[in-house]
Amino acid sequence: ESLPSCHPAMAHITYILLAGVCLGTRNEFTPEHLGVVGSSALVWYLLELLFIYVLTFVLAISGSLRSFVDVVAYCGYKYFGVLCVLLASLVAGSPGFYAAWVYSSACTAYFLVKTLRLSILSVAPNSHVHPAGHKRKLYFLLLLSASQPLLIYWLTYHVAAS
């Protein structure tokens with residue numbers, strides 16, 4: 001059984017460095033900005049993890065996600081979109097930012113729906129799952145996927161090159 005890619009720390013550091021480059025192109029770079037960018041991204045990451053665990057507890061979706069490492073990895077996939085958006089803003093300015101944001105947000109949400117669907121919506125053989133339980137899991141999956149575009153925008157709009 002393969003584990004999801006677990007490179008969120010590397011992606012987080014790359015995000016901080018690329019944010020520094022973007023701020024530098026606008027002549028707004030200071031070392032303090034890197035600390036603020038890194039700290040705020042880490043806080044949002046931890047809040048997302050907390051949100052997922054609280055919702056899985058409240059909605060009784062226990063056992064759906066295999067481990068903490070899986071959840072950390074799935075939450076880290078948004079950083080690929082974040083990096084693409086920042087690179088596009090460096091190359092093409094504001095139009096590139098919005099085009100890359102729309103595309104990477106759609107791709108990230110689609111990817112999460114397709115991959116998490118197997119672990120969240122899976123039903124054990126010979127089990128009798130109430131339809132409301134399946135709907136709860138589906139809504140959780142859609143909420144998790146729909147939150148990714150907002151997080152991508154939140155992490156990039158203030159540092160993207162304009």
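Conventions used here
Residues numbered from 1 in each chain as written. Predicted model: local features only at pLDDT ≥ 70, side-chain atom pairs only at ≥ 80, totals over all residues. Heavy atoms only, no water. Helix = DSSP H or I, 4+ residues; strand = E, 2+ residues; numbered from the N terminus. Buried < 20%, exposed > 50% of the residue type's maximum accessible area, 1.4 Å probe, protein only. Contact = heavy atoms within 4.5 Å. 1 Å grid on protein atoms, 1.4 Å probe; cavity = no way out; pocket = protein on both sides within 12 Å on 5 of 7 lines; lining within 4 Å. Points joined across faces, edges and corners; volume = space filled by probe spheres on them. Nonpolar A, V, L, I, M, F, W, Y, C, P; charged D, E, K, R; others polar. Phe/Tyr/Trp six-rings, centres within 6.5 Å; stacked < 30°, edge-to-face > 60°.

1. Overview of the overall build of the chain
Phase 1: Secondary structure summary: the chain contains 5 helices and 0 strands in total.
Phase 2: Of the regular secondary structure in the chain, the N- to C-terminal order runs α-α-α-α-α.
Phase 3: Burial analysis of the chain (162 residues in total) assigns 42% to the buried set.
Phase 4: The long-range fraction of contacts in the chain, counting pairs at least 24 apart against all pairs at least 6 apart in sequence, stands at 77%.

2. Side note on the layout of surface pockets
Phase 1: Considering only enclosed or pocket space, the largest pocket measures out at about 170 Å³ in volume.
Phase 2: Trp 44, Leu 47, Glu 48, Phe 51, Leu 143, Leu 144, Ser 147, Leu 150, Leu 151 and Trp 154 together form the lining of the largest pocket.
Phase 3: Contributions of two or more residues to the lining of the largest pocket are made by α2 (31-58) and α5 (131-156).
Phase 4: Sorting elements by how many residues they give to the lining of the largest pocket places α5 first, with 6 residues.
Phase 5: Residue composition of the lining of the largest pocket, grouped by class: 8 nonpolar, 1 polar and 1 charged.

3. Quick look at the packing of aromatic side chains
Phase 1: Within this structure, the stated rule accounts for 10 aromatic pairs.
Phase 2: Arranged with centres 5.5 Å apart and planes meeting at 65 degrees, the rings of Trp 101 and Tyr 153 form a pair that is edge-to-face. With a gap of 52 residues between them, Trp 101 in helix α4 (residues 78-120) and Tyr 153 in helix α5 connect regions that are remote in the sequence.
Phase 3: Under the relative-accessibility criterion, Trp 101 is labelled partly exposed at 22%.
Phase 4: Grouping aromatic residues by their ring pairs yields a cluster made of Trp 44, Phe 97, Tyr 98, Trp 101, Tyr 153, Trp 154 and Tyr 157.

4. Remarks on empty space enclosed by the protein
Gaps between atoms show up when a probe of the same size as a water molecule is rolled over them.
Phase 1: Overall, the coordinates contain 1 cavity of 30 Å³ or more when judged by the stated rule.
Phase 2: Roughly 50 Å³ of volume is contained in the largest cavity.
Phase 3: Secondary-structure elements contributing two or more residues to the lining of the largest cavity are α2, α3 (68-76), α4 and α5.
Phase 4: At 3 residues, the largest contribution of residues to the lining of the largest cavity is made by α3.

These results come straight from atomic positions and should not be treated as a statement about function.
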